[in-house]
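Close look at the chain arrangement
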Amino acid sequence: MAAEYGALPFREQLAFFLRKLSLPTRAWTDVYAAEHDVAFMVAGAMKASLLSDLHGAVQKAIEGQSTIQAFRKEFDQIVEAHGWVYKGGRNWRTRVVFDTNVRQSYNAGREAQMADPELKRRRPYGLYKHGDSVHPRPQHLAWDGLVLPLDDPWWQTHSPQNGWGCKCKKFTLSEADVQRRGLAVSRAPEVVWEEKVVGVRGPSPRVVTVPQGIDPGFEYRPGAHRASDALASMRKWAPEIAAEYSAAVAAAGRQAVARDYAAWIGEVLATGRAQGRTVTLWGMEPEELAHLKAQGRPPERTDVTLEDHLVVGKKARRHEGAGDALTAEDWRGLAQAPHEAVLYDNDDGKLLYVLPGGDRKIKVVVAPDWRAKGQGTVNSARAAFKIDPDALLDPRRYVVIRGEVKR
């Protein structure tokens, strides 16, 4: 049960897990490190229904309703129902799924509690405590009893869990606690970084840099990253995985991933001039990816970017003169607005995202694999303006990839 990790299930732990979006993956390296804060995955589980059932089984464990034995029974039932053939032994595989999700959700919940300003004021220090692992890691043992301010950067990469099966914990201390227990606030140990190659036998190998003593994939502070961080990092994911994530985020309304965009667009509109700033607007979904592949143009990545000159630069002023410019309100809501339709332009190979915009529609023109100065290859929004939907109904020019152009 979740209690074996240090406490009864609590609100922050469950809230962290429920915020995760289920993401189909081929291998454990498809989603890496802090990306697990926003994505629930089980390596090799590619069916949405399979993932949903596994998510529910883990949720029961986090809610304190399941032991590892009960989870294994439900895991077996799920596997049989879906005909899933997974890699690795059954006991090892179930232990990894159960332990890592329950332990990391617990740690993320504790981190959320520790971040409370009032608690940090009263208990400003973190204490590293080594767990009771059967085979202790020497470096984890060396950190046992280490006391550092909670704001020390060392915690960003060394907050437990720090490896597969690691049972280390982090506790908060007040000044009085430190003195009463005969401890001392220290300087952070020197971090020695190592380069490692992971996933070499799978479809998505990675070269990663991790601190000595931390297993690859655990070099982050649980719960510190938001969905918007994951959207911005989609360029690192295989396009198929990123597109599945985009679809899941879109279904949830994209509120979380729009936070960064909201701050960015507010600054751009307040400044009123282009300064070469770029933001991730949204991500392509599986339908767009499949269509581009069918055209022999598979994109290198799936995130769609927007440059500030479209909002306040020369092109924006031209649209103002033509009477088809987006309003400030349109720009502010662009990242969250639903995609009524996505079209493919046979004439120039661009994608057209059609969004509601009052009497007319908002048309966002995206050039896949655009060579952007200083950014490499991106899927770049090249124009955004209002249009009469009738202008998008020519079937010889426009192919509807998903949705419908509503008149």
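The rules behind these values
Residues numbered from 1 in each chain as written. Predicted model: local features only at pLDDT ≥ 70, side-chain atom pairs only at ≥ 80, totals over all residues. Heavy atoms only, no water. Core = buried A, V, L, I, M, F, W, Y, C linked by side-chain atoms within 4.5 Å. Buried < 20%, exposed > 50% of the residue type's maximum accessible area, 1.4 Å probe, protein only. Helix = DSSP H or I, 4+ residues; strand = E, 2+ residues; numbered from the N terminus. Contact = heavy atoms within 4.5 Å. Arc of directions from axis to C-beta. Axes fitted to C-alpha atoms, helices over the stretch in contact; angles between N-to-C directions. Parallel < 35°, antiparallel > 145°, perpendicular 65-115°, else oblique. Nonpolar A, V, L, I, M, F, W, Y, C, P; charged D, E, K, R; others polar. Phe/Tyr/Trp six-rings, centres within 6.5 Å; stacked < 30°, edge-to-face > 60°. Salt bridge = Lys/Arg side-chain N within 4 Å of Asp/Glu carboxyl O.

What about the nonpolar core?
- Tyr261, Leu306, Trp331, Leu334, Tyr353 and Val364 are the most contacted members of the largest nonpolar core, which totals 30 residues.
- Of all the elements in the fold, those that place two or more residues in this core are helix H11 (258-271), strand E8 (278-283), strand E9 (303-307), helix H13 (309-312), strand E10 (341-345), strand E11 (351-357), strand E12 (360-372) and strand E13 (376-387).
- With four residues, H11 is the largest single contributor of residues to this core.
- The residues contacting Leu334, other than those within four sequence positions of it, are Tyr261, Leu281, Trp282, Leu306, Leu326, Leu355, Ile362 and Val364.
- Counting 20 residues, the second largest nonpolar core, distinct from the first, contains Phe17, Ile68, Phe75 and Trp84.

Topic: helix H1 (residues 11-19)
- Of all the positions in H1, only Gln13, Phe16 and Phe17 are classed as buried. Taken around the axis of H1, the buried residues stretch over an arc of 95°, which confines them to a single face. The exposed set on the far side of H1, more than 90 degrees from its buried face, consists of Arg11 and Arg19.
- Where H1 is buried, its residues meet strand E2 (39-40), helix H2 (48-62) and helix H4 (90-114).

Regarding the packing of H2 against helix H3 (residues 68-82)
- Where H2 meets H3, the axes come as close as 10 Å, and the angle between the chain directions of the two elements is 170°. In terms of axis orientation, H2 runs roughly antiparallel to H3. When H2 is examined against H3, the residues Ser49, Leu50, Asp53, Leu54, Ala57, Val58 and Lys60 are found in contact with a partner set consisting of Phe71, Glu74, Phe75, Ile78 and His82.
- Partitioning the contact of H2 with H3 into residue classes produces seven nonpolar, two polar and three charged.

Points about the packing of aromatic side chains
- What the rule picks out here adds up to 16 aromatic pairs.
- Judged by centre distance (5.3 Å) and plane angle (45°), the ring pair of Trp84 and Tyr86 falls under tilted.
- The interplanar angle of 85° and the centroid separation of 4.9 Å between the aromatic rings of Trp164 and Phe218 together place this pair among those described as edge-to-face. A residue pair is termed long-range when its members are at least 10 positions apart, and Trp164 in the loop between helix H7 (155-158) and strand E5 (169-173) and Phe218 in the loop between strand E7 (206-211) and helix H9 (227-232) qualify at 54 residues.
- Judged by relative accessible area, which is 40%, Trp164 ranks as partly exposed.

Remarks on the pattern of salt bridges
- Applying the stated criterion across every chain yields a total of 29 salt bridges.
- Between Glu12 and Arg11 there is a salt bridge, with its nearest N and O atoms 3.4 Å apart.
- For Arg11, a relative accessible area of 69% corresponds to the exposed category.
- Between Lys120 and Asp151 there is a salt bridge, with the nearest N and O atoms lying 2.6 Å from each other. In this pair, Lys120 is assigned in helix H5 (residues 117-122) and Asp151 in the loop between strand E4 (147-149) and H7, connecting sequence segments 31 residues apart.
- Within the structure, one salt-bridge network assembled from shared partners comprises Glu111, Lys170 and Arg221.

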